[in-house]
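One letter stands for each residue in the lines below.
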Amino acid sequence: MPVEPLSQKEIEAHLSELPGWSLAGDRLTRSYRLGSHIAAAAMVVHIAQVQDELDHHSDLTLGYRSVELSVNTHSVGGAVTGLDVELARRVAALAPAHGAD
């Protein structure tokens, strides 16, 4: 199934369902705060598992008590696609289990 860039209107509609996520340039982004460095590291591992399942990977940054993601689809020239939205949805769903806000 080919991956196509989303329109600005489509991106905005998806973002309305993804609290805390935003569009920064041509990337979906989100920062999470966690209770400890270990909790943040565990969340990074969980996100990495999801990314491997989707075969779609974000820029993922582990901080002392934070996790930051930034994602777009390189195969369509760095545009936002449904793959990016699906990754964001999956991360948003797993974040509460890690105590992320």
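It should be noted that the structure appears before, not after, this text.
Now for a quick tour of the structure.

### Concerning the overall build of the protein chain
Okay, so step 1: Summing up its helical and strand segments, the protein chain has three helices and four strands in all.
Okay, so step 2: Counted from the first residue to the last, the protein chain has its helices and strands arranged as α-β-β-α-β-β-α.
Okay, so step 3: In terms of C-alpha radius of gyration, the protein chain reaches 13 Å, essentially the compact-globule figure of 13 Å for 101 residues.
Okay, so step 4: Seen through its principal axes, the protein chain has C-alpha atoms that stretch 40 × 25 × 20 Å.
Okay, so step 5: Burial status across the protein chain gives 41% buried among its 101 residues.
Okay, so step 6: Across the protein chain, contacts joining residues at least 24 apart in sequence account for 66% of those joining residues at least 6 apart.
Okay, so step 7: Summing over all exposed atoms, the protein chain offers an accessible surface of approximately 5500 Å²; the carbon and sulfur share of this is 54%.

### Some details on the nonpolar core
Okay, so step 1: Core analysis: the biggest nonpolar cluster contains 25 residues, and Trp 21, Leu 28, Tyr 32, Leu 34, Met 43, Val 67 and Val 91 have the highest contact counts within it.
Okay, so step 2: Going through the elements one at a time, α1 (8-15), β2 (27-33), α2 (37-54), β4 (66-71) and α3 (82-94) are the ones with two or more residues in this core.
Okay, so step 3: Here the element with the most residues in this core is α2; it accounts for six residues.
Okay, so step 4: Those residues within four positions of Val 91 in sequence are excluded, and the remaining contacts are Trp 21, Tyr 32, Met 43, Ile 47 and Leu 69.

What counts, and at which threshold
Residues numbered from 1 in each chain as written. Predicted model: local features only at pLDDT ≥ 70, side-chain atom pairs only at ≥ 80, totals over all residues. Heavy atoms only, no water. Helix = DSSP H or I, 4+ residues; strand = E, 2+ residues; numbered from the N terminus. Rg over C-alpha atoms; globule rule 2.2 N^0.38 Å. Buried < 20%, exposed > 50% of the residue type's maximum accessible area, 1.4 Å probe, protein only. Contact = heavy atoms within 4.5 Å. Areas by Shrake-Rupley, 256 points an atom, 1.4 Å probe, with all protein chains shown as cover. Core = buried A, V, L, I, M, F, W, Y, C linked by side-chain atoms within 4.5 Å.

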